[in-house]
Amino acid sequence: MFSLLSNPSIYLYVQGLIGAKHARWECVRQFTSYNPGQRILDIGCGLGYVIEYLPESDYIGLDTDQRYIDYAQGKYGRRGLFFCQELNDETMKDLEPFDLIIMNGLLHHLDNRSVIALFKRVKRLLKPSGRIVTLDGCYVEGQSLVVRKMLDLDRGKYVRDEKTYVSLVSEVFDSAVSHIRHDLFWIPYTSIVLQISLP
Ligand SMILES: C[S@@+](CC[C@H](N)C(=O)[O-])C[C@H]1O[C@@H](n2cnc3c(N)ncnc32)[C@H](O)[C@@H]1O
């Protein structure tokens, strides 16, 4: 089943059905304070469609899946730059600081060590007034068995609870605001949005 999702068209169809695109839109609208002209880094950009909600942005998307990047490049290549690479010391060398760094659906694909290493890197790439916004699935007490099962079955093997996500942030940043949301998707689903900024 998971291998089907590496096909961009099937992935996009499923994302549309469950309201994942809507969740990204709400996330941009409610949590990013985006203004046209801002420099955006989207790590784990997937098919790149979040750019539709960031008009006139100076956008760079990174993803490790070549098929997704090819799709994003084909559809949005005039509006942003897309690279098939992860963020590491080499790839971040040439990047200027960003106003907004987005990681939608990325953290739950990374183990704790990788999340902390990634946070350390993005911290160096953020403008002093900049903001990081992440969106992931989240375990919470009392959530329905259906939602819990969906989180268990996620392609990302590191879905966490709120306390664990926040404790990872606090390894690198002084403060973060976390929001638990049950309404961002069109299916029963629990998300956590983290807003991180520099002091
Ligand atoms: C759940 S998808 C989310 C895609 C997109 N952000 C969205 O909102 O639809 C997670 C993405 O992270 C990418 N990914 C996983 N590990 C990565 C890494 N270390 N660096 C960059 N991208 C990564 C995967 O290829 C996948 O496209």
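Going by the structure above, here's the rest.
Conventions and cut-offs
- Residues numbered from 1 in each chain as written.
- Predicted model: local features only at pLDDT ≥ 70, side-chain atom pairs only at ≥ 80, totals over all residues.
- Heavy atoms only, no water.
- Helix = DSSP H or I, 4+ residues; strand = E, 2+ residues; numbered from the N terminus.
- Rg over C-alpha atoms; globule rule 2.2 N^0.38 Å.
- Buried < 20%, exposed > 50% of the residue type's maximum accessible area, 1.4 Å probe, protein only.
- Contact = heavy atoms within 4.5 Å.
- Salt bridge = Lys/Arg side-chain N within 4 Å of Asp/Glu carboxyl O.
- Phe/Tyr/Trp six-rings, centres within 6.5 Å; stacked < 30°, edge-to-face > 60°.
- Lys NZ or Arg CZ within 6 Å of the ring centre and 35° of its normal.
- Near = heavy atom within 4 Å.
- Polar contact = N/O pair within 3.5 Å; in protein donor to acceptor, adjacent residues only side chain to side chain.
- Areas by Shrake-Rupley, 256 points an atom, 1.4 Å probe, with all protein chains shown as cover.
- Nonpolar A, V, L, I, M, F, W, Y, C, P; charged D, E, K, R; others polar.
- Disulfide = S-S within 2.5 Å.
- Axes fitted to C-alpha atoms, helices over the stretch in contact; angles between N-to-C directions.
- Parallel < 35°, antiparallel > 145°, perpendicular 65-115°, else oblique.

A. Region of the structure containing the overall build of the chain. Along its length, the chain carries seven helices and eight strands. Computed over its C-alpha atoms, the radius of gyration of the chain comes to 16 Å, within 12% of the 16 Å expected for a compact globule of 199 residues. Per-residue burial for the chain yields a buried fraction of 48% across its 199 residues. Pairs at least 24 residues apart make up 64% of the contacts formed inside the chain by residues separated by at least 6 positions.

B. A look at the pattern of salt bridges. Following the criterion strictly, the structure yields eight salt bridges and no others. Between glutamate 52 and lysine 21 there is a salt bridge, and its shortest N-O distance comes to 3.7 Å. Placement of glutamate 52 in the loop between strand 1 (39-43) and strand 2 (58-63) and of lysine 21 in helix 3 (residues 20-31) is noted, with a sequence separation of 31 residues between them. The closest approach of N and O atoms between arginine 121 and aspartate 89, which form a salt bridge, is 3.1 Å. Here arginine 121 is found in helix 5 (residues 112-125), whereas its partner aspartate 89 is found in the loop between strand 3 (80-84) and strand 4 (98-104), with 32 residues between them in sequence. By sharing partners, the salt bridges in this structure join Asp89, Arg121 and Arg124 into a single network.

C. Summary view of the packing of aromatic side chains. Applying the stated criterion to the full structure yields five aromatic pairs. With a centroid separation of 4.7 Å and an interplanar angle of 55°, the aromatic rings of phenylalanine 185 and tyrosine 189 are classed as tilted. Taking the relative accessible area as the measure of exposure, tyrosine 189 reaches 12% and is therefore buried. It is arginine 39 that lies over the ring of phenylalanine 98; its NZ or CZ is 4.3 Å from the centre. It is lysine 123 that lies over the ring of phenylalanine 173; its NZ or CZ is 5.7 Å from the centre.

D. Structural detail: the environment of glutamate 56. Positionally, glutamate 56 belongs in the loop between strand 1 and strand 2. In this structure the C-alpha to C-alpha distance between glutamate 56 and valine 14, which are 42 residues apart in sequence, comes to 27 Å. Leave out the neighbours within four places in its chain, and glutamate 56 touches Tyr34, Pro36 and Gly37.

E. Looking closely at the site of the ligand. Neighbouring the ligand are 17 residues, the closest being Arg24, Gly44, Asp63, Tyr68 and Asn104. Contact distances for the ligand include 2.6 Å between a nitrogen atom and a backbone N or O atom of glycine 44. Contact with the protein chains hides 86% of the accessible area of the ligand, taken as 600 Å² for the molecule alone. The residue makeup of the shell around the ligand, split by class, is six nonpolar, seven polar and four charged.

F. Representation of the state of the cysteines within the structure. Taken as a whole and assessed by the stated rule, the structure comprises zero disulfides. A disulfide-free cysteine, cysteine 84 has its sulfur positioned 9.0 Å from the sulfur of cysteine 45, the nearest such atom. For the unlinked cysteine cysteine 138, the closest cysteine sulfur is that of cysteine 27, found at 13 Å.

G. Representation of the packing of helix 2 (residues 8-18) against helix 4 (residues 66-76) within the structure. At a closest axis distance of 10 Å, the pairing of helix 2 and helix 4 adopts a crossing angle of 80°. In terms of axis orientation, helix 2 runs roughly perpendicular to helix 4. Contact residues: helix 2 offers Pro8, Tyr11 and Leu12, while helix 4 offers Arg67, Tyr68 and Tyr71. When the residues that make up the contact of helix 2 with helix 4 are grouped by side-chain class, the tally is five nonpolar, no polar and one charged.

H. Up close: the environment of glycine 105. Summarising the element assignment, glycine 105 is placed in the loop between strand 4 and helix 5. Residue classification places glycine 105 among the buried positions, given a relative accessible area of 17%. Sequence spacing of glycine 105 and serine 191 is 86 residues, and the spatial spacing of their C-alpha atoms is 9.7 Å.

Distances and angles like these do not, on their own, reveal function.
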